[in-house]
Amino acid sequence: MTQLMPPLDDLLVTDEEANNLTYFAFAKSHKAEPALAPTKASVGEMPDVLAGRYRIERLLGAGGMGAVYRARDLLSEQFGDPDPYIALKILSEEFAESPDASALLYSEFALTRRLRHDNVLRLHSFEVDTDCQRAFITMELMRGLTLDKLLCERPLGLPWKELRDIALPLLDALAFAHARGVLHGDMKPSNVMLSEEGVRLFDFGLGQAEEGILPGLPHLSRNRFNAWTPGYAAPELLEGQPLSASADVYGVACVLYELAGGKHPFRRLPSTEARDGHLERELHAPRNLPKHCWPALRTALAFNAADRTITAAQLRDAMGATSTWLQRLRLRA
Ligand SMILES: Nc1ncnc2c1ncn2[C@@H]1O[C@H](COP(=O)(O)OP(=O)(O)O)[C@@H](O)[C@H]1O
Ligand SMILES: [Mg+2]
């Protein structure tokens, strides 16, 4: 039988090694590439191995406050995990020492962790590398495409069947978040991933909990760090109103419209500009959207929050429903 665990003596670390260890305090590496002794980095500087455990491999994406890397979890690898790869989101150097930035990253972690849903990206842990004093989140690694990349590959949009397979899980995830009192705040194509394992909504970095949910989290002003994304943020957000479920509905409606015809509903203009230019007058149903879904999507795209009288769950139901003539045809068959 193959010996899965090294002998007990080998699991004990020497005092010298222990000084460098956090998570590896009990497990001594017996592989060619040890997880021990990460290269010492000065405060802020990014080391090769974070928290004695995560070897940074490559950059996956960078945004306002930080970057996302693909990393190898050396601990899981040591224990024979066939897929020790994870994604790791870490604050960039300029934000590394700001307690507010770390609190925002923690808030993203706490909000997302509240959402155990197949279509919300799964997070593993929130950690701090004590050497470089940077906070980071570890999470499942998605091997796929964000919707903005998908749109680059499919500039005419997706046929209804493909669109439906993205729209329904995405709306399910958003409706679930809202039902759990979590608002996303940054619905846009680059915050949705598509892979063989399905659709995942992520990046709750501008998210907020509804009143009374997660009361211990500090209430931080997102605007201090990161502005809303003008082409997807509802007009009331750009005008300083607080984030709401209805604002998320506007953002997701822009995403769905774009997927259905390859074009943003309002030429990617900030929603306030689009509203002031009366661009809703030019709005027509995107080519791949069945007629019976259009009234719901159009309502979701209303500039005025009071006219946006549809929830994510209702939009999901409208997109999931079959049209009445199709139903009749099926009944006759
Ligand atoms: N778990 C993940 N697996 C693979 N790629 C990811 C993952 N999380 C983020 N990315 C990539 O990194 C980019 C930035 O991540 P995101 O969380 O949106 O950060 P930001 O807050 O900077 O926008 C994404 O658009 C995506 O390309
Ligand atoms: Mg993002």
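Presented here is a report on the structure given in the accompanying data block.

Each value, and the rule that gives it
- Residues numbered from 1 in each chain as written.
- Chains lettered and ligands numbered in written order.
- Predicted model: local features only at pLDDT ≥ 70, side-chain atom pairs only at ≥ 80, totals over all residues.
- Helix = DSSP H or I, 4+ residues; strand = E, 2+ residues; numbered from the N terminus.
- Buried ≥ 20, exposed ≤ 12 C-beta atoms within 10 Å, placed from the backbone.
- Core = buried A, V, L, I, M, F, W, Y, C linked by C-beta atoms within 7 Å.
- Domains from an automatic or database assignment.
- Near = placed C-beta within 6 Å.
- Nonpolar A, V, L, I, M, F, W, Y, C, P; charged D, E, K, R; others polar.
- Pairing = 2+ DSSP bridges.
- Axes fitted to C-alpha atoms, helices over the stretch in contact; angles between N-to-C directions.

1. Side note on the overall build of the chain
Item 1. Summing up its helical and strand segments, the chain has 13 helices and 11 strands in all.
Item 2. Looking at the chain residue by residue over its 333 residues, the buried ones come to 40%.

2. Some remarks on the nonpolar core
Item 1. Judged by nonpolar contacts, the single largest core of 80 residues is most densely connected at Leu88, Leu170, Val252 and Ala253.
Item 2. At 12 residues, helix 9 (residues 245–261) tops the list of elements feeding residues into this core.
Item 3. Domain assignment of the residues forming this core places at least three in each of domain 1 (1–141) and domain 2 (144–332).

3. Here's the deal with the site of ligand 1
Item 1. Surrounding ligand 1, one finds 19 residues, the nearest of these being Gly61, Gly63, Ala87, Met142 and Asp203.
Item 2. The residue makeup of the shell around ligand 1, split by class, is 8 nonpolar, 8 polar and 3 charged.
Item 3. Viewed by domain, the shell around ligand 1 spans two of them, domain 1 (1–141) and domain 2 (144–332), each represented by three or more residues.

4. A closer look at the sheet that holds strand 10 (residues 198–201)
Item 1. The 3 strands are arranged 7-9-10 in an open sheet whose pairing can be described as antiparallel. With partners counted over all chains shown, the strands left at the sheet margins are strand 7 (144–146) and strand 10, one partner each. The mean inter-strand angle of the sheet, taken between neighbouring strand axes irrespective of direction, is 20°.
Item 2. In the sheet, strand 7 pairs with strand 9 (residues 192–195) via 3 bridges, with the strands oriented antiparallel. Paired with leucine 145 across the bridge in strand 9 is leucine 194.

5. Topic: the pairing of strand 2 (residues 54–62)
Item 1. Note that strand 1 (residues 49–50) and strand 2 share 2 bridges and pair antiparallel. Residue pairing across strands places valine 49 opposite arginine 55, the latter belonging to strand 2.
Item 2. In terms of strand pairing, strand 2 meets strand 3 (residues 66–73) through 7 bridges, oriented antiparallel. In the strand pairing of strand 3, arginine 58 is matched with arginine 70.

6. Examining unusual backbone geometry
Item 1. A positive phi is found at arginine 268, a non-glycine position, where the angle reads about 65°.
Item 2. On the secondary structure map, arginine 268 appears in the loop between helix 9 and helix 10 (271–276).
Item 3. For arginine 268, a count of 13 C-beta atoms within 10 Å gives the class partly exposed.
Item 4. Even without glycine at this site, histidine 278 takes up a positive phi of about 55°.
Item 5. Structurally, the position occupied by histidine 278 is in the loop between helix 10 and helix 11 (294–300).

7. A look at the sheet that holds strand 5 (residues 123–129)
Item 1. Sheet architecture is open: 6 strands sit in the order 1-2-3-4-6-5, paired in antiparallel fashion. Strand pairing shows two members of the sheet lacking a second neighbour, strand 1 and strand 5, which therefore form its edges.
Item 2. Here strand 4 (residues 85–91) pairs with strand 6 (residues 134–140) via 5 bridges, running antiparallel. When the sheet's bridge partners are listed, lysine 89 is paired in strand 6 with isoleucine 137.

8. Regarding the pairing of strand 4
Item 1. When you tally the buried positions in strand 4, you get 6 out of 7 residues, the bulk of the element.
Item 2. Across 7 bridges, strand 3 lies against strand 4 in antiparallel orientation. Paired with tyrosine 69 across the bridge in strand 4 is leucine 88.

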